[in-house]
Amino acid sequence: REVKTDIKSNGRPKINDNDIIFEAKNLWVDMPGEIVRDVNLKVRRGEILGIGGLAGQGKLGIPNGIMGLLPSGGEIFFDGKQLPLNNTLEAQKNGISFVSEDRRGVGLLLDEPIDWNISFNAMQIQNKFLKSYLGGLIKFRDDKAMKECAKKYIDGLEIRCTSEKQLARNLSGGNQQKVCLAKAFAMGPKLLFVSEPTRGIDIGAKKLVLDALKKYNEENNTTIVIISSELEELRSISDRIAIVCEGKIFGILPPDAPVEKFGLLMSGEKTKEEGEK
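Scoring rules and cut-offs
- Residues numbered from 1 in each chain as written.
- Predicted model: local features only at pLDDT ≥ 70, side-chain atom pairs only at ≥ 80, totals over all residues.
- Heavy atoms only, no water.
- pLDDT = per-residue confidence, 0-100.
- Contact = heavy atoms within 4.5 Å.
- Pairing = 2+ DSSP bridges.
- Helix = DSSP H or I, 4+ residues; strand = E, 2+ residues; numbered from the N terminus.
- Axes fitted to C-alpha atoms, helices over the stretch in contact; angles between N-to-C directions.
- Phe/Tyr/Trp six-rings, centres within 6.5 Å; stacked < 30°, edge-to-face > 60°.
- Buried < 20%, exposed > 50% of the residue type's maximum accessible area, 1.4 Å probe, protein only.

## Some remarks on the confidence of the model for the chain
Stage number 1. On average, residues of the chain score 91 in pLDDT, and 93% of them reach the 70 mark or higher.
Stage number 2. Every residue in residues 1–9 scores below 50 in pLDDT, and together they form 16 contacts with partners more than four places removed in sequence or on other chains.

As structure tokens, then:
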């Protein structure tokens, strides 16, 4: 079919309909309080895809299942190859990162300092922030590199803290969320899932978080999938918005589609512009 492209006024790279970086087929996820029974979804390289829907209909279960945090089945394909489900490490090794909606329970090491939180996954999975000796037989933590990385994100994301050594537990909700973002950014992901990124944080912090995601997408051409209960939030940042209903992708709309059409999809009614099949 004809290749469609999209060029934003800010000069972002073209988004090619046929350049699919991620695909889920018949995905189901066992998540208490959520229904994910048959999700089929294609994500285009370099886009920001929003996923919305009413509470309990499945939107939160999708990234948790893909990232192996909950039992799941079906098939997922990333960058041209099939990845195993129920394997968090394999997903991360292949360049997929996740900012969980549960930042205190999943996203942060609450009793560790900011610099350790930001660098931990990159160190464990990608051997970043390590110094090697004796041909790699011995490795030590590179505290200087960790400090420099933390300071970069503290400045860039405007994380309000006493220093990079402040414990994550003692930060406000908004600043904890920014640390979670920094932790994901430090991995240099090709694909980033972000779930409820502004839940429970003040208006000023919400704008900073959304602006940081847009900037990271623009500067790195990183594909971002943002899951949110706030439709207006999705409309402000997304190239397309997929609506989940009864555990399935019920339709995909452009962000400027009438609000009524999003409402119809959320209530389980198809529209004339439901997007991808």
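## Describing the sheet that holds strand E12 (residues 248–253)
Stage number 1. In space, the six strands of this open sheet follow the order E6-E9-E10-E3-E11-E12, with mixed pairing throughout. The strands lining the two open edges of the sheet, one partner per strand, are strand E6 (96–99) and E12. Across the sheet, the axes of successive neighbouring strands diverge by a mean angle of 20°, strand direction being ignored.
Stage number 2. Pairing geometry for E6 and strand E9 (residues 191–195), over four bridges, is parallel.

## Some points on the packing of aromatic side chains
Geometry of an aromatic ring pair is reported as the spacing of the ring centres plus the angle between the planes.
Stage number 1. Counted under the stated rule, the structure contains four aromatic pairs.
Stage number 2. Taken together, a centroid distance of 5.8 Å and an interplanar angle of 80° make the contact between Phe22 and Phe193 edge-to-face. Of this pair, Phe22 sits in strand E1 (residues 20–29) while Phe193 sits in strand E9; the two residues are 171 residues apart in sequence, bridging distant segments of the chain. A single burial state applies to Phe22 and to Phe193, both of which are buried.
Stage number 3. Here the aromatic rings of Trp116 and Phe120 are separated by 5.5 Å at their centres, their planes lie at 65°, and the arrangement is edge-to-face. With a gap of four residues between them, Trp116 and Phe120 both fall in helix H4 (residues 114–126), about one helical turn apart.
Stage number 4. For Trp116, a relative accessible area of 16% corresponds to the buried category.
Stage number 5. We classify Phe120 as partly exposed; its relative accessible area is 24%.

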